[in-house]
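# Examining the three-dimensional arrangement
Here is how the chains run, residue by residue.
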Amino acid sequence: LIFGLTGFVTMLSIISVLNLTQTYRTVSLFTSPNEISLTTLYQMQNSLIEEVKVDYIKISPVQELKELKASVFSNFLTILASKKVQFNVFNNGDYLTAFNPENAPIDDVSKFILRSIISVEISPPSPPDDDYDSIFDIELPHSVSMEGGNPQLISRYLNDLVVTANDIAVDGLKNIIIKKVNLRLDEIALEREMLLVKKRREQLNEIEELTHGAKIANSLGIIDNNFKLVSEDVVNQFTIAIGESQSLPQWYLHGEKALLERIKLLEERKNSEPFIPEVISLDN
């Protein structure tokens, strides 16, 4: 009785085990990005601080690259662990069909996908058991793993997941830098326009003042320059004592003819940009 019962239970166990689907644990390894691969992003980021070097506390390029590397890799790990990203890679990569080869009816696709990716796990590097010195020689890889019955299919999914997370992380940083660049370009355009508006206003004011001075010179019969024998630099330092001390007025110094010519030149000026050093600086 004992042998018969034991044999019967053993046979049931063997049959049950043989009918079970074998489960595999598949692992994909990856390391943080090297500095060379981040050179383009580093140059893009540095282009934003070239114009504010005076206020910018300079950090060594090596340190800047290390900080950029840490930022990019941290963002990559966050994206890789996102169930939303894992879900999208599964759905967009047509893994629904691959993970359901028998084409069995699926009542809830979302639940089926979530059950399939529930075992996805991201692990930090594990230090070696025997040689601790090697930790400082090479960078140990991180890993992302998943369990299932088809190791080749899982491996393909994990690799797609790593590549997608990498693309999202890099593109995200690029977009942030590009937005900052575009924002600064908009600020420059606004500053430039404000300088031009200010210059045009000053030009109109100057024309108004010169017109008024020309009328005064005409009414007093001052047609030509009254100081032909004295350089303008010296004349500009003179003061004339009429009531209170004051600088010589332009109408008295230059005369109507010169003032009208100056007005003509100002009215014919089409582009004031070469006369504004700040605009040239902003253009650069």
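See the structure shown above.
Quantities reported herein were computed from a predicted structural model and do not represent experimental measurements.

### Quick notes on the sheet that holds strand S2 (residues 121–123)
Taken together, three strands build an open sheet; the order of strands is S1-S3-S2 and the sheet is antiparallel. This sheet does not close on itself; its edge strands, each paired only once, are strand S1 (24–30) and S2. Each adjacent strand pair in this sheet contributes to an overall mean axis angle of 25°, direction not counted. Note: S1 against strand S3 (residues 142–148), seven bridges, orientation antiparallel. Bridge pairing links Leu29 to Ser143 in S3.

### So, the packing of helix H2 (residues 39–46) against helix H7 (residues 151–219)
One can describe the packing of H2 onto H7 by two numbers: an axis separation of 10 Å at closest approach and a directional angle of 20°. One element, H2, and the other, H7, form an angle in the roughly parallel class. In the packing of H2 onto H7, the handedness of the crossing is left-handed. Contact residues: Leu41, Met44 and Gln45 in H2; Val170, Leu173, Lys174, Ile177 and Ile178 in H7. Across the contact of H2 with H7, the residue classes break down as six nonpolar, one polar and one charged.

### Thoughts on the nonpolar core
Membership of the largest hydrophobic core comes to 22 residues, with the highest contact counts inside it found for Phe30, Phe76, Leu80, Val120, Val144, Tyr157 and Leu161. Breaking this core down by element, the ones donating at least two residues are helix H3 (61–80), helix H4 (83–92), helix H6 (109–117), S3 and H7. With eight residues, H7 is the largest single contributor of residues to this core. If near-sequence neighbours (up to four positions away) are discounted, Leu80 is found in contact with Phe30, Gln86, Ile122, Val144, Leu161, Val162 and Ala165. Counting residues in hydrophobic clusters, the runner-up holds eight residues, among them Leu38, Tyr42, Leu65 and Ile177.

### Describing unusual backbone geometry
Negative phi values dominate among residues other than glycine, just as trans dominates among peptide bonds. Despite not being glycine, Asp94 has its phi angle at roughly 60°, a positive value. Turning to its location among the elements, Asp94 is positioned in the loop between H4 and helix H5 (95–98). Not every positive phi belongs to a glycine, and Asn103 is a case in point at roughly 55°. Note on placement: Asn103 falls in the loop between H5 and H6. According to the relative accessible area criterion, Asn103 is exposed, its value standing at 65%.

### Describing H2
Among all positions of H2, only Leu41, Tyr42 and Asn46 are buried. One side of H2 carries all its buried residues, which in axial view fall inside an arc of 135°.

### A look at the packing of aromatic side chains
For the structure on display, the rule yields eight aromatic pairs. Considering the side-chain rings of Tyr95 and Phe99, the 6.4 Å spacing of their centres and the 65° angle between planes classify their relative orientation as edge-to-face.

### Let's talk about the pattern of salt bridges
Tallied over the full model, the rule gives eight salt bridges. For Glu206, the salt bridge goes to Arg262, with nearest N and O atoms at 3.0 Å. On the criterion of sequence distance, the pair formed by Glu206 in helix H7 and Arg262 in helix H10 (residues 256–268) is long-range, its members being 56 residues apart. Accessibility expressed as a relative area gives 32% for Arg262, which makes it partly exposed. Look at the salt bridges and you will find they share partners, linking Arg25, Glu121 and Glu147 into a network.

### Observations concerning the pairing of S3
Most of S3 is tucked away, with six of its seven residues classed as buried. Pairing analysis gives three bridges linking S2 to S3, with the strands arranged antiparallel. Across the sheet, the residue bridging to Glu121 is Ser145, located in S3.

### A word on a nonpolar patch on the surface
Residues Leu5, Phe8, Val9 and Leu12 make up a contiguous nonpolar surface patch of about 400 Å² in total accessible area. As for its position among the elements, Phe8 is in helix H1 (residues 2–19). Judged by relative accessible area, which is 52%, Phe8 ranks as exposed.

Conventions adopted
Residues numbered from 1 in each chain as written. Predicted model: local features only at pLDDT ≥ 70, side-chain atom pairs only at ≥ 80, totals over all residues. Heavy atoms only, no water. Pairing = 2+ DSSP bridges. Helix = DSSP H or I, 4+ residues; strand = E, 2+ residues; numbered from the N terminus. Axes fitted to C-alpha atoms, helices over the stretch in contact; angles between N-to-C directions. Parallel < 35°, antiparallel > 145°, perpendicular 65-115°, else oblique. Left-handed = near helix turned anticlockwise from the far one by under 90°. Contact = heavy atoms within 4.5 Å. Nonpolar A, V, L, I, M, F, W, Y, C, P; charged D, E, K, R; others polar. Core = buried A, V, L, I, M, F, W, Y, C linked by side-chain atoms within 4.5 Å. Buried < 20%, exposed > 50% of the residue type's maximum accessible area, 1.4 Å probe, protein only. Arc of directions from axis to C-beta. Phe/Tyr/Trp six-rings, centres within 6.5 Å; stacked < 30°, edge-to-face > 60°. Salt bridge = Lys/Arg side-chain N within 4 Å of Asp/Glu carboxyl O. Patch = residues over 30% accessible without salt bridge, like charges linked within 9 Å, V, L, I, M, F, W, Y side chains within 5 Å. Areas by Shrake-Rupley, 256 points an atom, 1.4 Å probe, with all protein chains shown as cover.

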